[in-house]
Amino acid sequence: MTDASPIFTKTSAYSLLGVAFHGLVGYFGAKAFLPKNARWQDRFTFIWLAFDALIHFTFEGSFLWLSVFGRQVNTSTGPFADLWREYAAADFRWGVSDPTVVSLEILTVLGAGPLCCYILKQLASDDPARHYWLIVLSTAELYGGWMTFCPEWLTGSPNLNTSNALHLWVYLVPTDALTNTSSPPQFMNVIWVVIPLWLMFDSYTHIAGALRAQQKLVKAKGAKSS
């Protein structure tokens, strides 16, 4: 498939600047709400969750609004419509309100977004219960990515355009250059695989460690009383 459109546009720049701005909000939020001696893991988690929530509410929220209350991205107007048309140039499904994508975005915007905010509150108060909810959130993020892109894998990625360099190396990640097919996840979505997996591992070590310590304590008490 050929693509004569410019590699980088004003919309591309605004979109990437918006992503960077969300990251900065998370960074300064961590500095403001976490103690200076907080673990680097908790500081990173705070930045990620703030970034994650903002992406869900602003970017993905705008897509959901255009797809549910509007007609679809391709026939809508405005800056967010322009943003999503830029994205839809790489993955056509986002321009036509694909029902599977819209269904997953409903869960993402209305479920994952608020859950991020709840965990941020737990992080700020150093509530260890956050580790359970981090596993719930991370599982949901991984499930959403899988159900978004697995159908493309199974059908040969018919909705993907890899001819534009920006689309190929920033929006899409090729895995089979010989057949010119691109297998997602998209670059922007790779972080929604790697980071949730890391969060699950980190929270698992905390939960398992606490349960094992409690088990050891109970056994020690039992041994003393016998």
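Predicted, not measured: the structure shown is a model, and the values here were computed from it.

Conventions and cut-offs
Throughout, a residue's number is its position along its own chain's written sequence, starting from 1. The predicted nature of this model means local features are confined to residues of pLDDT at least 70 and side-chain atom pairs, given and counted, to a pLDDT of 80 or more, with totals for whole chains, interfaces and linings taken over all residues. No hydrogens and no water enter the side-chain calculation; it runs on all heavy atoms of the structure. UniProt positions are given in the numbering used here, feature names are shortened, and annotations may be inferred rather than shown by experiment. Helix and strand labels come from DSSP, where a helix needs a run of H or I of at least four residues and a strand needs a run of E of at least two; each type is numbered from the N terminus. The rule is simple: take the accessible area with a 1.4 Å probe, protein chains only, and divide by the maximum for that residue type; under 20% is buried, over 50% is exposed, in between is partly exposed. What qualifies as a polar contact is a pair of N or O atoms within 3.5 Å, subject to a donor-acceptor requirement within protein and to the restriction that residues adjacent in sequence count only when both atoms come from side chains. The contact criterion used is simple: two residues touch if any of their non-hydrogen atoms lie within 4.5 Å. In the sections that follow, a salt bridge refers to a side-chain nitrogen of Lys or Arg positioned within 4 Å of a carboxyl oxygen of Asp or Glu. Expected helix span is taken as 1.5 Å per residue step, with the number of steps being one fewer than the number of residues. A 1.4 Å probe that fits into a set of points on a 1 Å grid over the protein atoms alone but cannot get out defines a cavity; an open set with protein on both sides within 12 Å along at least five of seven lines defines a pocket, and lining residues are those with an atom within 4 Å of a point. Grid points are joined across faces, edges and corners, and a volume is the space filled by probe spheres set on the points. A pair of Phe, Tyr and Trp rings is counted when the ring centres sit within 6.5 Å of each other, with Trp represented by its six-membered ring. The angle between the planes then sorts it: under 30 degrees is stacked, over 60 is edge-to-face, the rest tilted.

On to the UniProt feature "transmembrane region" (unreviewed entry) in the protein. In this numbering, the UniProt entry assigns the feature "transmembrane region" (unreviewed entry) to residues 12–34, 46–66, 101–120, 132–149 and 190–211. In residues 12–34, helix accounts for 96% and strand for 0%; the two terminal C-alpha atoms are 33 Å from one another. Measuring from the first to the last C-alpha atom of residues 46–66 gives 29 Å, for a span that is 100% helix and 0% strand.

This brings us to the side chain of Arg130. Here Arg130 is to be found in helix H5 (residues 130–154). A relative accessible area of 4% places Arg130 in the buried class. Among the polar contacts listed, one links the side chain of Arg130 to the backbone oxygen of Asp127, at a separation of 3.0 Å. Excluding residues that lie within four positions of it along the chain, Arg130 makes contacts with Asp42, Ile119, Gln122 and Leu123.

Turning our eyes to something else, we now look at the pattern of salt bridges. Under the defined criterion, the tally for this structure stands at six salt bridges. The closest approach of N and O atoms between Arg130 and Asp42, which form a salt bridge, is 3.4 Å. Separated by 88 residues along the polypeptide, Arg130 in helix H5 and Asp42 in helix H2 (residues 40–68) bring together distant segments of the chain. The pair Arg130 / Asp42 is uniform in exposure class, with both members buried. For the salt bridge of Asp91 with Arg93, the shortest nitrogen-to-oxygen distance reads 2.8 Å. Looking at Arg93, the relative accessible area reads 6%, which means it is buried. Counted as one network, the salt bridges with shared partners bring together Arg39, Asp42, Asp126, Arg130 and Asp202.

A word on unusual backbone geometry. Trans is the prevailing form of peptide bonds, just as negative phi is the prevailing case for residues other than glycine. For Ser97, which is not glycine, the phi torsion reads 55° and is therefore positive. Given a relative accessible area of 15%, Ser97 falls into the buried group. Of note, the phi angle at Asp126 is positive, near 55°, even though the residue is not glycine. As for its position among the elements, Asp126 is in the loop between helix H4 (99–124) and H5.

Let's shift gears to helix H1 (residues 10–33). For H1, spanning 24 residues, the distance from its first C-alpha to its last is 34 Å, which sits close to the expected 34 Å at 1.5 Å a residue. Three or more residues of H1 are buried, namely Ser12, Ser15, Gly18, Val19, His22, Gly26, Gly29 and Ala30.

Its volume calculated, the second largest pocket comes out at about 210 Å³. As for the second largest pocket, its lining consists of Thr11, Tyr14, Ser15, Gly18, His22, Thr58, Phe59, Pro79, Phe80, Asp82 and Leu83. Among the secondary structure elements, those contributing two or more residues to the lining of the second largest pocket are H1, H2 and helix H3 (79–88). Here the lining of the second largest pocket takes five residues from H1, the largest share from any one element.

Our next topic: the packing of aromatic side chains. All told, the structure shown has 16 aromatic pairs when counted by the stated rule. On the basis of an interplanar angle of 75° and a centroid distance of 5.2 Å, the ring pair of Tyr27 and Phe28 is categorised as edge-to-face. A relative accessible area of 40% places Tyr27 in the partly exposed class. Centroid distance Trp146 to Trp153: 5.0 Å. Interplanar angle 75°. Geometry classified as edge-to-face. Owing to a relative accessible area of 45%, Trp146 belongs among the partly exposed residues under this scheme. Accessibility expressed as a relative area gives 31% for Trp153, which makes it partly exposed. Linked through ring pairs, Phe63, Trp84, Tyr87 and Trp94 together constitute an aromatic cluster.

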